[in-house]
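Notes for the structure review
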Amino acid sequence: MSNSPIQIVCAHCSTKNRLAKDKLNNKPVCGKCGKSVLSTSPITGSDKNFSRYVTDNDLPVVVDFWASWCGPCKQFAPTFEQVAGEMSTQACFVKLDTEHNQNTAGGYSIRSIPTLMIFHHGKEIARMSGALPKAQLTQWLAQNLPVV
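Residues numbered from 1 in each chain as written. Predicted model: local features only at pLDDT ≥ 70, side-chain atom pairs only at ≥ 80, totals over all residues. Heavy atoms only, no water.

If you look at the biggest cluster of nonpolar residues, it comprises 20 residues, and the most contacted ones within it are F50, V61, V63, F65, V94 and F119. Elements supplying a minimum of two residues to this core: α1 (50-56), β4 (61-66), β5 (92-97) and β6 (115-120). Setting aside its immediate chain neighbours within four residues, V94 contacts I43, G45, Y53, V61, V62, V63, D64 and F80. Listed in part, the 16 residues of the second largest apolar core include V62, V83, L132 and L137. (Core = buried A, V, L, I, M, F, W, Y, C linked by side-chain atoms within 4.5 Å. Buried < 20%, exposed > 50% of the residue type's maximum accessible area, 1.4 Å probe, protein only. Helix = DSSP H or I, 4+ residues; strand = E, 2+ residues; numbered from the N terminus. Contact = heavy atoms within 4.5 Å.)

Here we take up the side chain of T115. Within the secondary structure layout, T115 lies in strand β6. Residue classification places T115 among the buried positions, given a relative accessible area of 1%. At 2.4 Å, the side chain of T115 and the backbone oxygen of S112 are in polar contact. A distance of 3.2 Å separates a polar atom in the side chain of T115 from a polar atom in the side chain of S129. If near-sequence neighbours (up to four positions away) are discounted, T115 is found in contact with V63, D64, F65, I110, R127, M128 and S129. (Polar contact = N/O pair within 3.5 Å; in protein donor to acceptor, adjacent residues only side chain to side chain.)

A sheet is described by the order of its strands in space; here five strands give the open sequence β3-β5-β4-β6-β7, paired in mixed fashion. Pairing within the sheet leaves two strands with one partner each, and these edge strands are β3 (43-45) and β7 (123-129). Between one strand axis and the next, the sheet turns through 25° on average, direction left out of account. One ladder, built from five bridges, connects β4 with β6; its direction is antiparallel. Bridge pairing links D64 to L116 in β6. Those strands touched by helix α4 (residues 134-144) are β4, β5, β6 and β7, and its axis lies near 25° from that of β6. (Pairing = 2+ DSSP bridges. Axes fitted to C-alpha atoms, helices over the stretch in contact; angles between N-to-C directions.)

This is the structure:
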């Protein structure tokens, strides 16, 4: 990993932060709010903040489109949370409730949930529908996440 700067959107206040790639493992803090820029838990996405995370991050963004009434979504949530904690320096993890954020879900033609998508620099690079066990999720991420 080189020392070239990358842009990361703060997990807490959505402010863009510029930092050296080799500092990602040092728990960098936001220049505005002073909290950790990276999150070990998925960020709650919304119609209001979704575009900011997807387009302004140099880290790839993994999104779980879900709904509170969806049984498989609820079963998958702990797996997504665990992987988000383990891979917080490799990707930004976002959960978007499709019932409360219909504009964003509709904009990406989400027809079944859970649906996982990976974005990099605002572009969708992978999509998969259905809940996955941890081993399959990490394998899917390993195959599809770009190296930053």
